[in-house]
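# Fold and contact review
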Amino acid sequence: MRRESERGHAVSMRQIAILNQKGGVGKTTTAVNLGAALAERGYRVCLIDLDPQAHASLHLGVEPRPEMTSIYDVLVRDLPLAAARRQVGPNLFLVPSHLDLAAAEVELAGVVGREVILRDKLREDPEKFDFLFVDCPPSLGVLTLNALTAVNEIFITLQPHFLALHGLSKLLQTIELVVRRLNNRLRVSGIILCMYDGNTRLAAEVGEDLERFFRNVRSHRCPWSQVRIFQTRIRRNIRLAEAPSFGKSILEYAPDSPGAQDYRQLAEEVLAAATSPIPPSTDSS
Ligand code: ADP
Ligand code: MG
């Protein structure tokens, strides 16, 4: 089914950054396991680990070594993506991170066009995938800007606690600036609630707050007016926290766990969203 939709049409690559400037909200867990779930469905998936902490690389069993070619070499030493990319499973490819990436911010400081290096590397890359995911670091620095200029979609992960929406407006402001100045194709297309405790009132309330917040902007022309709050909630599941230390996605580590079920279901929703776009707002304003 590679590079074909279920109706047999060729589909173009979806390029998605997994974003939130906060740490510990499920970005890496989602990038790895949603990617793995789509790969399991037969789609060709490439994950770029843009976080110097290299959690996504470790999660997929790639231990960053000093001599290893990584995204650092692509961004700072002008190597092609293919030099760093490796296959980590059926249909699943990884461009790993490296501790050196922490220095990239400083090393790129004087470089003209430093925010668009990844975009240009992707354009030069002959290899095509159905999905490209970029796992962003928990900051809004030059690495994240490289992600946001390279992709055309953003999925924001949120952990539904009482400060979940705090920081969201700052994030959206940054996205708006990037759209205006660097990448006018960029849209926030999905919100994913992670570490969801279905039994708590708080989780339900955060979900409702989000629905309300985004419903109110449907009629506005802004980069998040067409966002989909995914119905699949990623439940809190200890298996998801264990899987990284075995270097395996949840689908390999615990294929029948609630975590694996949730990411498979999210993958279905992501696929369905592509074939049935959200209808435009009926608001006349
Ligand atoms: P981020 O990339 O945003 O910093 P992570 O995906 O690394 O966040 O998640 C933070 C921590 O929470 C990690 O230890 C991860 O294994 C764990 N975790 C993520 N999602 C879940 C979940 N649904 N249930 C339990 N633990 C989770
Ligand atoms: Mg992370």
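You'll find the structure just up there.
This is a predicted model, so every value here is computed, not measured. (Residues numbered from 1 in each chain as written. Chains lettered and ligands numbered in written order. Predicted model: local features only at pLDDT ≥ 70, side-chain atom pairs only at ≥ 80, totals over all residues. Heavy atoms only, no water.)

### Side note on unusual backbone geometry
Of note in the backbone geometry, alanine 54 takes a positive phi value of approximately 55 degrees without being a glycine. When you line up the elements, alanine 54 lands in the loop between β2 (45-49) and α2 (55-59). Positioned with a positive phi, methionine 195 is a non-glycine residue whose angle comes to about 50 degrees. Turning to its location among the elements, methionine 195 is positioned in the loop between β7 (187-193) and α9 (201-215). (Helix = DSSP H or I, 4+ residues; strand = E, 2+ residues; numbered from the N terminus.)

### Considering the site of ligand 1
Neighbouring residues of ligand 1: 14 residues in total, closest Gly24, Lys27, Thr28, Thr29 and Asn237. Between ligand 1 and arginine 235 there is a distance of 2.9 Å, counted from a nitrogen atom to a backbone nitrogen or oxygen. Within the backbone of asparagine 237, a nitrogen or oxygen atom sits 2.9 Å from a nitrogen atom of ligand 1. In isolation ligand 1 has 560 Å² of accessible area, and contact with the protein removes 79% of it. Here ligand 1 is seated within the largest pocket. For the shell around ligand 1, the element with the highest residue contribution is helix α1 (residues 27-40), accounting for three residues. A class-by-class count of the residues in the shell around ligand 1 yields five nonpolar, six polar and three charged. (Near = heavy atom within 4 Å. Polar contact = N/O pair within 3.5 Å; in protein donor to acceptor, adjacent residues only side chain to side chain. Areas by Shrake-Rupley, 256 points an atom, 1.4 Å probe, with all protein chains shown as cover. 1 Å grid on protein atoms, 1.4 Å probe; cavity = no way out; pocket = protein on both sides within 12 Å on 5 of 7 lines; lining within 4 Å. Sits in = over half its atoms within 2 Å of the grid points. Nonpolar A, V, L, I, M, F, W, Y, C, P; charged D, E, K, R; others polar.)

### A few points about the nonpolar core
One finds Ile48, Leu50, Ile71, Leu118, Ile156, Ile175 and Phe214 to be the most contacted residues of the largest nonpolar core, which totals 51 residues. Once you skip the residues sitting within four places of it in the chain, isoleucine 48 turns out to touch Ile71, Leu81, Val95, Leu118, Leu132, Phe133, Val134 and Asp135. Formed by 36 residues, the second largest nonpolar core is a distinct cluster that contains Ala36, Leu47, Leu94 and Leu266. (Core = buried A, V, L, I, M, F, W, Y, C linked by side-chain atoms within 4.5 Å. Buried < 20%, exposed > 50% of the residue type's maximum accessible area, 1.4 Å probe, protein only. Contact = heavy atoms within 4.5 Å.)

### Quick look at the sheet that holds strand β4 (residues 92-95)
The strand order across the open sheet formed by eight strands is β3-β4-β2-β5-β1-β6-β7-β8, and the pairing between neighbours is mixed. One side of each edge strand has no neighbouring strand; the edge strands of this open sheet are β3 (86-89) and β8 (228-229). Contacts from α9 reach β6 (153-158), β7 and β8 within the one sheet, and its direction differs from that of β7 by about 165 degrees. (Pairing = 2+ DSSP bridges. Axes fitted to C-alpha atoms, helices over the stretch in contact; angles between N-to-C directions.)

### What about the pattern of salt bridges?
For side chains of opposite charge, pairing can occur when their charged atoms come near one another. Enumeration over the complete set of coordinates arrives at 13 salt bridges. The residue arginine 201 makes a salt bridge to glutamate 205 at a minimum N-O spacing of 2.8 Å. With arginine 201 and glutamate 205 both in helix α9, this residue pair falls four residues apart, about one helical turn. Its relative accessible area of 67% is what places arginine 201 among the exposed residues. For the salt bridge of aspartate 209 with arginine 212, the shortest nitrogen-to-oxygen distance reads 3.3 Å. You can see aspartate 209 and its partner arginine 212 sitting in helix α9, three residues apart, about one turn around the helix. Judged by its relative accessible area of 42%, arginine 212 falls in the partly exposed class. (Salt bridge = Lys/Arg side-chain N within 4 Å of Asp/Glu carboxyl O.)

That's the geometry; what it means functionally is another story.
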